[in-house]
Amino acid sequence: MRIGELAERTGVSPRSLRYYEDRGLLTSSRSGAGQRHYSDAAVQRVSLIRQLFDAGMSSRVIATVLPCVDIPGDLGVAEETFTAMMRERDRIDADIAHLIETRDALDVLIRANSRHRAELSTAPEPVARST
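How each quantity is defined
- Residues numbered from 1 in each chain as written.
- Predicted model: local features only at pLDDT ≥ 70, side-chain atom pairs only at ≥ 80, totals over all residues.
- Heavy atoms only, no water.
- Salt bridge = Lys/Arg side-chain N within 4 Å of Asp/Glu carboxyl O.
- Helix = DSSP H or I, 4+ residues; strand = E, 2+ residues; numbered from the N terminus.
- Buried < 20%, exposed > 50% of the residue type's maximum accessible area, 1.4 Å probe, protein only.
- Axes fitted to C-alpha atoms, helices over the stretch in contact; angles between N-to-C directions.
- Parallel < 35°, antiparallel > 145°, perpendicular 65-115°, else oblique.
- Contact = heavy atoms within 4.5 Å.
- Nonpolar A, V, L, I, M, F, W, Y, C, P; charged D, E, K, R; others polar.
- Patch = residues over 30% accessible without salt bridge, like charges linked within 9 Å, V, L, I, M, F, W, Y side chains within 5 Å.
- Areas by Shrake-Rupley, 256 points an atom, 1.4 Å probe, with all protein chains shown as cover.
- Core = buried A, V, L, I, M, F, W, Y, C linked by side-chain atoms within 4.5 Å.

*Asks:* Please provide a residue-by-residue account of the pattern of salt bridges, values included.
*Replies:* Under the criterion given, the structure shown has nine salt bridges. Across the pair Asp 54 and Arg 50 runs a salt bridge whose closest N-O atoms are separated by 3.6 Å. Remark: Arg 50 and Asp 54 occur in helix H3 (residues 41-54); sequence separation between them is four residues, near one turn of the helix. Accessibility expressed as a relative area gives 61% for Asp 54, which makes it exposed. Salt bridges sharing common partners tie together Glu 5, Arg 9 and Asp 40.

Put into structure tokens, the structure is as follows:
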């Protein structure tokens, strides 16, 4: 199938499919005119790539994980894939911890602003001076 059909069947843009191919995540053959042609298995491959991106992995990490799919019986590849996924999980945990700290700092500012607004709403109106 050509790139347009793969894009339609997967809901992924042709630009993204070319990006996947540039990163070594997806392969195609070329016609004499240079057009990309993909096998039917590419539909499942693109679906897996999307799942991995949705899990927060970068294309670099996905490239290290995909050999586990391509060579499922290799324990060494499976171990490398496990290590890569655990590293990504640790990175996500660190990102979450940082976001929680950031949210907590914002909560402090929101509370201070709320107190300030409450003080302003109960303060007497300033008296206008006549000149």
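So that's the structure; there's more coming.
*Asks:* Go over the packing of helix H2 (residues 14-22) against H3, please, and point to the residues and values.
*Replies:* The N-to-C vectors of H2 and H3 enclose an angle of 85 degrees; their axes lie 12 Å apart at closest approach. In terms of orientation, H2 and H3 fall into the roughly perpendicular class. Across from Leu 17, Tyr 19 and Tyr 20 in H2, the residues of H3 making contact are Val 46, Ile 49, Arg 50 and Phe 53. Among the residues making up the contact of H2 with H3, the classes are represented as six nonpolar, no polar and one charged.

*Asks:* I'd love a proper account of a nonpolar patch on the surface, names of residues and values included.
*Replies:* A cluster of nonpolar side chains, Leu 106, Leu 109 and Ile 110, forms an exposed patch at the surface whose accessible area comes to about 300 Å². Relative to the assigned elements, Ile 110 resides in helix H5 (residues 75-122).

*Asks:* Would you mind going over the nonpolar core in detail, with residue names and values included?
*Replies:* Core analysis: the biggest nonpolar cluster contains 21 residues, and Leu 6, Leu 17, Tyr 20, Leu 26, Tyr 38 and Val 46 have the highest contact counts within it. When residues of this core are traced back to their parent elements, those giving at least two are helix H1 (3-10), H2, H3 and helix H4 (59-70). For this core, the element with the most residues is H3, which contributes five residues. Residue contacts for Tyr 38: discarding those within four places in its chain leaves Met 1, Arg 2, Ile 3, Leu 6, Leu 17, Glu 21, Leu 26, Thr 27 and Ser 28.

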